[in-house]
Amino acid sequence: RVFPEAADAGQAAALEIANLIRSRAEQGRQCVLALTTGSTMVSVYDSLVQMHQQECLSFKNAAVFLIDEFLPMQPDSLQSHYRYMREHLFDHIDIPANQVFVPDGTIAQEQVTEACTQYEQTIENLGGIDIAILGIGRSGHIGFNEPGSSTASRTRAITLDAMTRIDAASNFFGVENVPRRAITLGVGTILDARRVLLLAFGEGKASIVAKSLEGKVSAAVPATFLQTHPAAEMLLDSAASANL
Ligand code: GLP
């Protein structure tokens, strides 16, 4: 779906999330969201906060899994994805703290695998992801699943692509300060979500958007795997759709 402005696409994604949370609440069920960070998501979270404040949208029956986090990363660091989520969403809504799940960027190397397995287990225990909201990196990553990630991949630690580290450099005051690794939900974990929305805005994303939507499905561009998902959709602004 192509929207004239990025904010319109963000609002559409927020509305879908809100509708899902409300319909689950009516059924007395929890709504499991997988969310990520980045400039693309700002309008989504702004809209959700607005709906919470003005339309009584409650997140009491929502559970949120943060899709990715740098490794290593302290939760209160400026660049922490968890901090981003608190500042843009969690601190402004009524989600219970024990329904927020984030990959632990402070974890010791030898405990990473176990923690990732536990993350997957928690998702499963809550009945799986109802909706995953993704951005896209210029490398074609979804979450932090960089080129080479297979459809079988689950939550794990990965090595970041050089392009991803360059794109993150300004947030870290230099590429040399960008962590080399991250924890991410796997491609397989994302593909198991019942609904997937990928948002991409701006001309900088136009080339990777075209490859992801129209290119051959391949681990070289992990976002192409969404072509195989029965309920995945891209929400674009006109600039990001320019190469289609
Ligand atoms: C990071 C995150 C991704 C996100 C991407 C897009 O790489 N790990 O999950 O989708 O940024 O960021 P932006 O929205 O700032 O372009």
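Residues numbered from 1 in each chain as written. Predicted model: local features only at pLDDT ≥ 70, side-chain atom pairs only at ≥ 80, totals over all residues.

Going by an unreviewed UniProt entry, the protein chain carries the name Glucosamine-6-phosphate deaminase 1 and comes from Stieleria bergensis.

**Q** When you look at unusual backbone geometry in this model, what are you seeing that I'm missing?
**A** Most peptide bonds take the trans configuration, and most residues that are not glycine carry a negative phi. With an omega of 0 degrees, the peptide bond running from Leu71 to Pro72 counts as cis. Relative to the elements of secondary structure, Pro72 occurs in the loop between β4 (68-71) and α3 (81-88). Backbone geometry places Cys56, a non-glycine residue, at a positive phi of 55 degrees. Checked against the element boundaries, Cys56 lands in the loop between α2 (42-55) and β3 (62-66). Judged by the 9 C-beta atoms lying within 10 Å of it, Cys56 falls in the exposed class. (Helix = DSSP H or I, 4+ residues; strand = E, 2+ residues; numbered from the N terminus. Buried ≥ 20, exposed ≤ 12 C-beta atoms within 10 Å, placed from the backbone.)

**Q** Looking at this model, I keep getting lost on the sheet that holds strand β2 (residues 31-35). Mind explaining?
**A** Sheet strands associate in pairs through backbone hydrogen bonding, adopting either a parallel or an antiparallel arrangement. Read across the open sheet, the 7 strands follow the order β1-β10-β9-β6-β2-β3-β5; overall the sheet is parallel. Of all the strands in the sheet, the pair left with one neighbour each is β1 (2-3) and β5 (100-101). Looking at chain direction, strand β6 (residues 131-134) and strand β9 (residues 195-200) are connected through 4 bridges and run parallel. Residue pairing in the sheet places Ile133 in a bridge with Leu197 of β9. (Pairing = 2+ DSSP bridges.)

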